[in-house]
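The residues making up each chain are set out below.
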Amino acid sequence: MHSIEFGRHCRGLWLLDPDVVFLNNGSFGATPIEVLEVQHQWQYRFEREPIEFVGRHLHRELRNAAATMAAFLGARGEDLVFVENATTGVNAVLRSIAPLLKPGDELLTTSHVYNAVRQAMRYIAALTGARYVEVPLPFPIESATVVVESVREALSDRTRFALFDHITSPTGLVFPVEQLVALCKERGIWVMVDGAHAPGVLPLQLDQLGADWYTGNFHKWLFAPKGCAFLWTAPPWQSLMHPVVISHGYGSGYTAEFDFTGTKDWSAYLSAPAGLAFLEKLGADRVRNYNRELALGAQRVLSETIGIVPPAPADMIACLAAVPLPVDPADEAAAQQLHDWLFNRHRIEVPIFLHNGKLLLRTASQVYNEADQYHHLARVLAQWIADD
Ligand SMILES: Cc1ncc(COP(=O)(O)O)c(C=O)c1O
């Protein structure tokens, strides 16, 4: 029995500015006040006796938190380590495999990749002589099959490593990662899934996915404090894995290396189970269904306003909805201008991305949002289109 009502009724559970129509849970997530309070308790515990905390408790507490989070993700605690964010998870994997790459090997992803991940892949390609390959994918997109078939065509004998988003950033699409992983594994290609937006949004069974690595954020959709993410590594790879920062644990094994990478504030990691408990209090399925309905509604009303058919099929939508805007020229300046107009004039916080020569507006839907907010955005957008 879940009694917390969604939409405006529960907004007071967050610190979000009540004067802002906040449609961008996607960028950083939003941490509930009660989870921040748990985080503060961890910080107090550390401050009260730092030597005792780090020396005698930290490792065990981190491993307990990892086990709790892993159980939710369909994984084993010993295969999961905390990292600050998905960017760090991707970088740790790329740096760990770099010594195995040869000039001419291909590192493959798609054109919907998150830009920081693109940059990390390009960096490792430059360092090793490997080639960075980006599979062009359309947007609007007709079906998930387009993703699978485009990737199938682009894989070659030289593809050594592939990375796929579980939910894409600029376009907000759920990719068929099960099929993409299978496609790579049939060919002996190492495969990583970037699930930055997935935990709390999509049901996950990491042990059954067949990927070599999976990284995901707990701070975006799982209500954890900022700087809380994980990296899951398939057991055969673990002895080769190293964190981005090498510290005392070097050579002591996967979890020992990642659990201590120098002094820092571990409170976000230790509060991940509180974020999960918050999700479970709301009801994980109930949250998923509510957010998906909101996202589909947002996609519908914004597409109508722009005068297009919805740019992605319903089975590729979970919590984000992107629509292409009728803007010419479409450039960074136009994106910034529209973002600022929406925020300064209408107090609507929503991201506008320049993607493949088009401006995309991407809404996010979290339980503190409600349908009225997307209708309001659509009315404001109609005014902007009419005035342009
Ligand atoms: C697909 C994808 N990967 C990686 C990231 C990076 O997340 P973080 O900033 O937490 O590292 C994002 C952030 O939006 C993303 O959407």
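Right above here is the structure, for reference.
Below: a short report on this structure. For clarity, every value in this text was computed on a predicted model and none was experimentally measured.

**Some remarks on the sheet that holds strand 2 (residues 80-83)**
Strand pairing in a sheet takes place through backbone hydrogen bonds and is either antiparallel or parallel in direction.
Move 1: The seven strands lie next to each other as 2-8-7-6-5-3-4, forming an open sheet whose pairing is mixed. Sheet topology places strand 2 and strand 4 (131-135) at the edges, where each strand pairs with a single neighbour. On average, adjacent strands in this sheet sit at an angle of 20 degrees to one another, irrespective of strand direction.
Move 2: Where strand 7 (residues 213-217) lies against strand 8 (residues 229-233), five bridges are found, and the strand directions are antiparallel. By the bridge assignment for strand 8, glycine 216 is matched with phenylalanine 230.
Move 3: Strands in contact with helix 5 (residues 115-128) are strand 3 (106-110), strand 4, strand 5 (159-165) and strand 6 (190-195); relative to strand 4, the strand with the most contacts, it is inclined by about 150 degrees.

**Observations regarding the state of the cysteines**
Move 1: The final tally for this structure, using the stated rule, is zero disulfides.
Move 2: Cysteine 228 carries a free sulfur, and the closest cysteine sulfur to it, the one in cysteine 319, is 17 Å from it.

**As for the site of the ligand**
Move 1: Taken together, 13 residues lie near the ligand, and Thr87, Asp194, His197, Asn217 and Lys220 sit nearest.
Move 2: Here a nitrogen atom of the ligand and a side-chain polar atom of aspartate 194 are 2.5 Å apart.
Move 3: Measuring from an oxygen atom of the ligand, one finds a side-chain N or O atom of asparagine 217 at 3.0 Å.
Move 4: Relative to its unbound accessible surface of 390 Å², the ligand loses 92% to contact with the protein.
Move 5: Taken together, the residues of the shell around the ligand sort by class into four nonpolar, six polar and three charged.

**Some points on the pairing of strand 11 (residues 352-355)**
Move 1: Sheet topology places strand 11 next to strand 12 (residues 358-364); four bridges connect them, and they run antiparallel. By the bridge assignment for strand 12, phenylalanine 353 is matched with leucine 360.

**Thoughts on the packing of helix 3 (residues 50-72) against helix 11 (residues 272-282)**
Move 1: Across the interface, helix 3 lies against helix 11 with an axial gap of 9 Å and an inter-helix angle of 35 degrees. With respect to the hand of their crossing, helix 3 and helix 11 are arranged in left-handed fashion. Contacts from Ala65, Thr68, Met69 and Phe72 in helix 3 reach Ala272, Pro273, Leu276, Leu279 and Glu280 in helix 11.
Move 2: In terms of residue class, the contact of helix 3 with helix 11 is made up of seven nonpolar, one polar and one charged.

**As for the side chain of serine 96**
Move 1: Along the polypeptide, serine 96 turns up in helix 4 (residues 86-97).
Move 2: Its relative accessible area of 8% is what places serine 96 among the buried residues.
Move 3: Excluding its chain neighbours within four sequence positions, the residues that come into contact with serine 96 are Leu240, Met241 and His242.

**Brief notes about the environment of phenylalanine 82**
Move 1: As for its position among the elements, phenylalanine 82 is in strand 2.
Move 2: On the basis of relative accessible area, phenylalanine 82 is assigned to the buried category, the value being 2%.
Move 3: For the pair phenylalanine 82 and aspartate 259, spaced 177 residues apart in the sequence, the C-alpha separation amounts to 7.1 Å.
Move 4: What phenylalanine 82 contacts, discounting residues up to four positions off in sequence, is Leu62, Ala65, Ala66, Met69, Phe218, Cys228, Ala229, Phe230, Phe258, Tyr269 and Ala272.

**Here's the deal with the sheet that holds strand 9 (residues 320-324)**
Move 1: Strand order across the open sheet formed by three strands is 9-12-11, with antiparallel pairing between neighbours. Bordering the open sheet on either side are strand 9 and strand 11, each of which pairs with just one other strand. Between one strand axis and the next, the sheet turns through 30 degrees on average, direction left out of account.
Move 2: Contacts from helix 12 (residues 284-306) reach strand 9 and strand 12, with the element oriented near 10 degrees to strand 9.
Move 3: Here helix 13 (residues 332-346) sits on the sheet in contact with strand 11 and strand 12, set at roughly 165 degrees to strand 11.

**What about the pattern of salt bridges?**
Move 1: A complete count under the given rule lists 18 salt bridges for this structure.
Move 2: Residues glutamate 61 and arginine 45 are paired through a salt bridge, measuring 3.3 Å at the closest nitrogen-oxygen approach. Of the two residues, glutamate 61 sits in helix 3 while arginine 45 sits in helix 2 (residues 33-48), which places them 16 residues apart along the sequence.
Move 3: Note that arginine 288 is salt-bridged to aspartate 285, the shortest N-O span being 2.9 Å. Linking arginine 288 with aspartate 285, this pair stays in helix 12, spanning three residues, or about one helical turn.
Move 4: Taking the relative accessible area as the measure of exposure, arginine 288 reaches 17% and is therefore buried.

Cut-offs used in this document
- Residues numbered from 1 in each chain as written.
- Predicted model: local features only at pLDDT ≥ 70, side-chain atom pairs only at ≥ 80, totals over all residues.
- Heavy atoms only, no water.
- Pairing = 2+ DSSP bridges.
- Helix = DSSP H or I, 4+ residues; strand = E, 2+ residues; numbered from the N terminus.
- Axes fitted to C-alpha atoms, helices over the stretch in contact; angles between N-to-C directions.
- Contact = heavy atoms within 4.5 Å.
- Disulfide = S-S within 2.5 Å.
- Near = heavy atom within 4 Å.
- Polar contact = N/O pair within 3.5 Å; in protein donor to acceptor, adjacent residues only side chain to side chain.
- Areas by Shrake-Rupley, 256 points an atom, 1.4 Å probe, with all protein chains shown as cover.
- Nonpolar A, V, L, I, M, F, W, Y, C, P; charged D, E, K, R; others polar.
- Left-handed = near helix turned anticlockwise from the far one by under 90°.
- Buried < 20%, exposed > 50% of the residue type's maximum accessible area, 1.4 Å probe, protein only.
- Salt bridge = Lys/Arg side-chain N within 4 Å of Asp/Glu carboxyl O.

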